[in-house]
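# Chains, contacts and geometry: an overview
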Amino acid sequence: MNNNYDIPGVTTFEYTKIIGLGNIDFGKNIIIDDFVFIYAKTKIKIGNYVHIGSFTSITGGEKFTMEDFSGLSSGVRIFTASEDFQGCGFGNPTLDEKYRNTKRLPVHIGKFCLIGANSVILPGVTVGEGATVGAGSVVTKNLEPWGIYVGNRKIGDRDKLGVLENYNNFLLENRIPTD
């Protein structure tokens, strides 16, 4: 391990890559694995007790929020911007914005959320508190709290009461004050 960014409360590794470090508000007890790429052109907020798995990227140039006790598994892609080819745009980042049709919208991952490996979250999506996303999903719309999803399709409900009871036990055992 090489905590090359020396961010208090954050563990990074030798091949973690963060651009725009000054635009990120970090909580505590965060692990950002090797080969993670974060491009913070604008404000990013990463809460407490968060894990970002290897080969994950967060990019796009718009606001991103990841609340406490949430996690991104390996290979997750968070896009806060995307090229929309339905209009007159024909380009990519090598061209001036006037030739492109870029859709930029914030992404919000709620508290207690888990995003499965190799999933993609597209611009404008809010993943509600406690929701989980199955591996390999492409999420294009908001997900309701405490659901279990594959893509945008809800396949079940999480045990909200069980999760919150376990959370309260964690707070008591670790003597963490509640808000």
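As shown above, the structure is provided for reference.
Here is a short report on the structure shown in this document. (Residues numbered from 1 in each chain as written. Predicted model: local features only at pLDDT ≥ 70, side-chain atom pairs only at ≥ 80, totals over all residues. Heavy atoms only, no water.)

## Comments concerning the overall build of the protein
The helix and strand tally for the protein stands at one helix and 21 strands. Over its C-alpha atoms, taken along the principal directions, the protein stretches across nearly 55 × 40 × 25 Å. Taken across its 179 residues, the protein has 40% of its residues classed as buried. When contacts within the protein are restricted to residue pairs at least 6 apart in sequence, those whose partners lie at least 24 apart make up 18%. As displayed, the protein has an accessible area near 9700 Å², and 52% of this comes from carbon and sulfur atoms. Side-chain charges of the protein comprise 18 positive and 19 negative groups, with the mean position of each set lying 4 Å from the other. (Helix = DSSP H or I, 4+ residues; strand = E, 2+ residues; numbered from the N terminus. Buried < 20%, exposed > 50% of the residue type's maximum accessible area, 1.4 Å probe, protein only. Contact = heavy atoms within 4.5 Å. Areas by Shrake-Rupley, 256 points an atom, 1.4 Å probe, with all protein chains shown as cover. Lys, Arg positive; Asp, Glu negative; His and termini not counted. Charge placed at Lys NZ, Arg CZ, Asp CG, Glu CD.)

## Some remarks on the nonpolar core
Counting 33 residues, the largest nonpolar core has F26, I32, I38, I46 and I52 as its most contacted members. Within the residue set of this core, elements represented by two or more residues are β3 (24–26), β4 (30–32), β6 (44–46), β9 (64–66) and β14 (107–109). Ignoring anything within four residues of it in the chain, the contact list for I38 reads K17, I18, I19, I24, I32, I44, I46, I52 and I58. F112, W146, Y167 and L171 belong to the second-largest nonpolar core, a separate cluster that totals five residues. (Core = buried A, V, L, I, M, F, W, Y, C linked by side-chain atoms within 4.5 Å.)

## Some remarks on helix α1 (residues 160–173)
Relative to the 20 Å expected for 14 residues at 1.5 Å per residue, α1 spans 20 Å between its end C-alpha atoms, a close match to the ideal helical length. Among all positions in α1, only V163, Y167 and L171 are buried. All buried residues of α1 project into a common sector of 80° when viewed along the axis, lining one side. Among the exposed residues of α1, those pointing more than 90 degrees away from its buried face are L161, E165, N166, L172 and E173. Looking at the residues trailing α1, positive phi occurs at R175, about 50°. (Expected span 1.5 Å × (residues − 1). Arc of directions from axis to C-beta.)

Geometric descriptors of this kind do not, in isolation, establish any biological role.
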